[in-house]
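Residue-level listing of the chains:
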Amino acid sequence: MKKFFNRVAAKFRAQVDKWLPSNDQCEPRGYVLMDAEQTNKSTAFTREERDEKGLRGLLPHKISTQDEQRDRALENLRRKTSPIEKYIDLSNLQDRNERLFYYTALSNIEEVMPLIYTPTVGEACEKFSHIFRKPRGMYITPDDKGKVREMLDNWPHDDVRVIVITDGERILGLGDLGANGMGIPIGKLALYTVCGGIDPAQCMPVMFDIGTNNEKLRNDPLYLGYPQERVRGKAYDALMQEFVEAVQEKFPKAVIQFEDFKTENAFRLLNQYRDKVTCFNDDIQGTAAVALAGVLASGRITGQDFKDQRIMFLGAGSAATGIADLMVKELQEKGLSEEEARKRISLVDSKGLVTKGRAKIEDNKKPFAQDHAPASLLEAINDLKPTVLIGATGVANTFTKEVVEAMSAINDRPVIFALSNPTSHAECTAQQAYEWSKGKAIFASGSPFDAVEYNGQTFKAGQGNNAYIFPGLGLGVVLSESEKVTDNMFLAAAKALAAQVTDEDLKTGTLYPPLSKIRDVSAKIATAVIVQAGDDNVFGVPQPPNCEEYVKKHMYNPSYDAGTPAPESKPAAKPQPKPAPGTAP
Ligand code: NAD
């Protein structure tokens, strides 16, 4: 009986929804208009708008341009002295005036990106429940079982195309941060808009808050999450399934990005859903594409073809084995058999080299187990002579002086990536990599490092930031309305990214294009992904004739006047000198 009434009620609600204007169609006025982040222009409302929209008298006299507003926002931002204060300042701007937030970020990507994403987002997640101002995104807890589809109706936008979901169990290299991990989906989706030009109204951050095993958090009276131990097993899977099914019904064109799940769940969820719905895991697949692009670009310095590389990983989790899997695919494309390709790739985890003789080997590591006696990292380097060493452990100082020296003794130009985030968890610093290799290392990191002076030369480490891949990839998937996200799309994205690295970039030692060019890079990646969607026959909308132009035309423009082009990104401003004591900032 109850079921029958629920069904009738749902039908009635659907009918009423059709008659009512959707949330996206309501026209706010006055303070309501200025409180709505999507429509607020604050001091930039024109005289006519002020009269029409009930704003006369509610704003100071001057009509600001968006450039003036951006300069004011930057002045306020630069007055803050710590990254976390800057993060809060930018979040407040995003909550007040979305277009100005994106306008400011887009015109100053190199300055703003490390503040809205890594490395600052790590600290922001740790302090999430303490710095919380305004809710953003959706929270799903075990108490919501059976209600998830209904909850999606509460979301204020009707055409969601990109969802980033985490369960907060492995936030960057910081471990289980529970619901505090919501900073990650929020930050990643901001980058989807800044770097990939996805409309923020089409983005939905989701916290799959099934508890936390971080006791310190659970005992924190200000902790905002579900204050129980993590739900595991069938109950976890059933709630996730309910969410995925609800998304298919409510937002059928959305791509789901799984983010910062612990390795076992990360692989399990990806394998469960990758052939059923449009989804991917950025830690596994996005990282893979960005690392592969870096190694491909490094070949232009070392003169080494990718098929001749020997690659060793320290760490054997989502990131490392994701990269390893994609590299196998690329080696196979280069003509190697799968077996030959796998022999080129070795994993070293906390127990040493992953070998066939181990008593227990996890599924994701098994294909890379070497026919070799147990060995430490140093012994493995000396025996297997890798050309490329990639760290994805989440543990600082694991690339010691001896490790970097061993890589430099074997290779003229050793390729060394310390991918762990945030900066404090990097396997070694840029300074150490250049100093210990005597300037020979081709180095990239996960979080940004300042340029390093060594022996009269300036080295600029590339940041193997996933933001080079997922926004462009997501844009390509969204515009092609692909039913699946294929491995070939990640290969196509990696190659498109590597092709954007100029000889000038390589001369300074950096393996990635400057972030200030990220929109162009993302447009090229999206184009490659759309073409690949056609080749893989997974597209929902056929490839348009002038694909790159089409992609650029569909990128979100945060200018108030849609006729004005989106702002170009300036290189990062030089650090401001500190004001003398006693002077006003
Ligand atoms: P994970 O927990 O799945 O894997 C970590 C792996 O490191 C595990 O295999 C673990 O056994 C191993 N490990 C831990 N301590 C070790 C030690 N002392 N020596 C050797 N191995 C050790 O985590 P993940 O998702 O693979 O991420 C790992 C790190 O990579 C994180 O810091 C994350 O922020 C970073 N990451 C960077 C990028 C990027 O820069 N683009 C992308 C994704 C992840």
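Only a predicted model underlies this, so the values are computations on that prediction, with no experimental measurement involved.

What counts, and at which threshold
Residues numbered from 1 in each chain as written. Predicted model: local features only at pLDDT ≥ 70, side-chain atom pairs only at ≥ 80, totals over all residues. Heavy atoms only, no water. Phe/Tyr/Trp six-rings, centres within 6.5 Å; stacked < 30°, edge-to-face > 60°. Buried < 20%, exposed > 50% of the residue type's maximum accessible area, 1.4 Å probe, protein only. Lys NZ or Arg CZ within 6 Å of the ring centre and 35° of its normal. Helix = DSSP H or I, 4+ residues; strand = E, 2+ residues; numbered from the N terminus. Pairing = 2+ DSSP bridges. Contact = heavy atoms within 4.5 Å. Axes fitted to C-alpha atoms, helices over the stretch in contact; angles between N-to-C directions. Salt bridge = Lys/Arg side-chain N within 4 Å of Asp/Glu carboxyl O. Parallel < 35°, antiparallel > 145°, perpendicular 65-115°, else oblique. Left-handed = near helix turned anticlockwise from the far one by under 90°. Nonpolar A, V, L, I, M, F, W, Y, C, P; charged D, E, K, R; others polar. Near = heavy atom within 4 Å. Polar contact = N/O pair within 3.5 Å; in protein donor to acceptor, adjacent residues only side chain to side chain. Disulfide = S-S within 2.5 Å. Core = buried A, V, L, I, M, F, W, Y, C linked by side-chain atoms within 4.5 Å. Right-handed = clockwise from strand over helix to strand, strands pointing away.

### Looking at the packing of aromatic side chains
Thought 1: Counted according to the given criterion, the structure contains 12 aromatic pairs.
Thought 2: Ring geometry for Phe-128 and Phe-132: centres 5.8 Å apart, planes at 70 degrees, overall edge-to-face.
Thought 3: Residue classification places Phe-128 among the buried positions, given a relative accessible area of 10%.
Thought 4: Through pairs of rings, three or more aromatic residues link up here, namely Tyr-434, Phe-443, Phe-449 and Phe-459.
Thought 5: In this arrangement the basic side chain of Arg-342 is found over the ring face of Phe-368, its NZ or CZ atom lying 5.0 Å from the centre.

### Looking at unusual backbone geometry
Across the chain, the bulk of peptide bonds are trans and the bulk of non-glycine residues have phi less than zero.
Thought 1: Backbone torsion omega between Thr-118 and Pro-119 reads 5 degrees, so that peptide bond is classified as cis.
Thought 2: With respect to the helices and strands, the residue Pro-119 is situated in the loop between α7 (109-116) and α8 (120-126).
Thought 3: Along the chain, Asn-421 connects to Pro-422 via a cis peptide bond; the corresponding omega equals -15 degrees.
Thought 4: Residue placement: Pro-422 occurs in the loop between β10 (415-418) and α20 (430-436).

### A short note on the sheet that holds strand β6 (residues 311-314)
Thought 1: Pairing is mixed in the open sheet, where seven strands are placed in the order β8-β7-β6-β9-β10-β11-β14. Two strands lie at the open edges of the sheet, namely β8 (352-353) and β14 (462-463), each paired on one side alone.
Thought 2: Inspection of the sheet shows β6 paired to strand β9 (residues 388-391) by four bridges, in the parallel sense. Across the sheet, residue Ile-311 finds its bridge partner in β9, namely Val-388.
Thought 3: Along the sheet, helix α15 (residues 282-302) makes contact with β9, β10 and β11 (442-445), crossing β10 at roughly 155 degrees.

### Regarding the pattern of salt bridges
Thought 1: Scanning the model with the defined rule gives 45 salt bridges in all.
Thought 2: Note that Asp-167 is salt-bridged to Arg-230, the shortest N-O span being 3.8 Å. You can see Asp-167 sitting in the loop between β2 (162-166) and α11 (183-196) and its partner Arg-230 sitting in the loop between α12 (215-218) and α13 (233-250), a full 63 residues away along the chain.
Thought 3: By relative accessible area, which is 1% here, Asp-167 ends up buried.
Thought 4: In this structure, a network of salt bridges that share partners links the residues Asp-167, Glu-169, Asp-176, Arg-230 and Arg-232.

### Comments concerning the packing of α15 against helix α16 (residues 318-333)
Thought 1: It is the contact of α15 with α16, at a shortest axis distance of 7 Å, that shows an interaxial angle of 55 degrees. The orientation of α15 with respect to α16, classified from their angle, is oblique. The interaxial crossing formed by α15 with α16 has right-handed handedness. Counted together, Asp-283, Ile-284, Thr-287, Ala-288, Ala-289, Ala-291, Leu-292, Val-295 and Leu-296 of α15 and Ser-318, Ala-319, Gly-322, Ile-323, Leu-326, Met-327 and Glu-330 of α16 form the full contact between these two elements.
Thought 2: Per-class residue counts for the contact of α15 with α16 are 11 nonpolar, three polar and two charged.

### Quick word on the site of the ligand
Thought 1: With respect to spatial proximity, 24 residues lie near the ligand, and among them Arg-170, Thr-263, Ala-319, Gly-464 and Asn-466 are the closest.
Thought 2: One of the backbone nitrogen or oxygen atoms of Gly-464 is found 2.7 Å away from a nitrogen atom of the ligand.
Thought 3: When grouped by side-chain class, the residues that make up the shell around the ligand number seven nonpolar, 15 polar and two charged.

### Comments concerning the pairing of strand β7 (residues 345-349)
Side-chain positions along a regular strand alternate between the two faces of the sheet.
Thought 1: Across the five residues that make up β7, a large majority, five, are buried.
Thought 2: A two-sided burial pattern is seen for β7, the buried positions comprising Ile-345, Leu-347 and Asp-349 on one face and Ser-346 and Val-348 on the other.
Thought 3: Here four bridges tie β6 to β7, and the two strands are oriented parallel to one another. Its bridge partner being in β7, Phe-313 is matched across the sheet by Leu-347.
Thought 4: Pairing between β7 and β8: two bridges, direction antiparallel. Bridged to Val-348 within β8 is Leu-353.
Thought 5: The hairpin formed by β7 and β8 contains two residues between the paired strands.

### Observations regarding the sheet that holds strand β5 (residues 279-281)
Thought 1: Ordered by their spatial adjacency, five strands build an open sheet running β1-β3-β2-β4-β5, and the pairing between neighbours is parallel. Looking along the sheet, the strands with just one partner apiece sit at the ends: β1 (138-140) and β5. Averaged over all pairs of adjacent strands, the angle between their axes in this sheet comes to 20 degrees, without regard to strand direction.
Thought 2: Examined bridge by bridge, β1 and strand β3 (residues 203-208) share three bridges and lie parallel to one another. Across the sheet, Met-138 pairs through a bridge with Val-206, a residue of β3.
Thought 3: On top of the sheet, α15 reaches β4 (255-258) and β5; it is set at about 75 degrees to β5, its chief contact.

### With respect to the state of the cysteines
Thought 1: On inspection of all chains with the given rule, the structure shows zero disulfides.
Thought 2: Looking at the unpaired Cys-125, the closest cysteine sulfur is the one in Cys-195, lying at 17 Å.

### Let's talk about the nonpolar core
Thought 1: With 114 residues, the main nonpolar core has Phe-313, Met-327 and Ile-390 as its most contacted residues.
Thought 2: For this core, the leading source of residues is α15, giving nine residues.
Thought 3: Ignoring anything within four residues of it in the chain, the contact list for Ile-390 reads Val-295, Ile-311, Met-312, Phe-313, Leu-314, Ile-323, Met-327, Phe-399, Phe-417 and Leu-419.
Thought 4: Of all hydrophobic cores here, the second largest spans 33 residues; its members include Leu-239, Ile-256, Val-277 and Ile-284.

### Regarding the pairing of β11
Thought 1: What you see with β11 is no split at all: Ile-442 and Ala-444 on one side and Phe-443 and Ser-445 on the other are buried throughout.
Thought 2: By the bridge criterion, four bridges tie β10 to β11 in an arrangement that is parallel. By the bridge assignment, Val-415 is partnered in β11 with Ile-442.
Thought 3: Crossover handedness for the path β10 to α20 to β11: right-handed.
Thought 4: Relative to β14, β11 runs parallel, the two being bridged by two bridges.

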